[in-house]
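Tertiary structure, described
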Amino acid sequence: MYPNLRAEMARHKITQGDLSEALNWAPSTTSLKVNGRSPISLDEAKQIKSIVGTDLPIEILFKEEF
């Protein structure tokens, strides 16, 4: 799971549905990726960061919680 991503999404009022639409992904794909059950490529991470509109570095935004 990516707690920093979830926090930034909440701060910027971006839902998983919003990400799904913006990335043209199925909601299930978005859920798997946001919850850390499916890998996110660097390009996807950059797109998500842009959509969320955060200034956090990708390394922090996608820091995993174990």
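The structure this text deals with has already been given above.
Residues numbered from 1 in each chain as written. Predicted model: local features only at pLDDT ≥ 70, side-chain atom pairs only at ≥ 80, totals over all residues. Heavy atoms only, no water.

Tallying each qualifying case throughout the model produces one aromatic pair. A centroid spacing of 5.4 Å and a plane angle of 75° characterise the contact between tyrosine 2 and phenylalanine 62, whose relative ring orientation is edge-to-face. Of the two residues, tyrosine 2 sits in the segment before helix H1 (3–11) while phenylalanine 62 sits in the segment after helix H5 (58–61), which places them 60 residues apart along the sequence. Owing to a relative accessible area of 13%, phenylalanine 62 belongs among the buried residues under this scheme. The ring of tryptophan 25 is capped by lysine 33, whose NZ or CZ atom sits 5.4 Å from the centre of that ring. (Phe/Tyr/Trp six-rings, centres within 6.5 Å; stacked < 30°, edge-to-face > 60°. Helix = DSSP H or I, 4+ residues; strand = E, 2+ residues; numbered from the N terminus. Buried < 20%, exposed > 50% of the residue type's maximum accessible area, 1.4 Å probe, protein only. Lys NZ or Arg CZ within 6 Å of the ring centre and 35° of its normal.)

So, about the packing of helix H2 (residues 16–23) against helix H3 (residues 27–34). Between H2 and H3, whose axes approach to 9 Å, the crossing angle comes to 115°. The orientation of H2 with respect to H3, classified from their angle, is roughly perpendicular. Where H2 crosses over H3, the handedness of that crossing is right-handed. Across from Gln16, Leu19 and Ser20 in H2, the residues of H3 making contact are Pro27, Thr30, Ser31 and Val34. (Axes fitted to C-alpha atoms, helices over the stretch in contact; angles between N-to-C directions. Parallel < 35°, antiparallel > 145°, perpendicular 65-115°, else oblique. Left-handed = near helix turned anticlockwise from the far one by under 90°. Contact = heavy atoms within 4.5 Å.)

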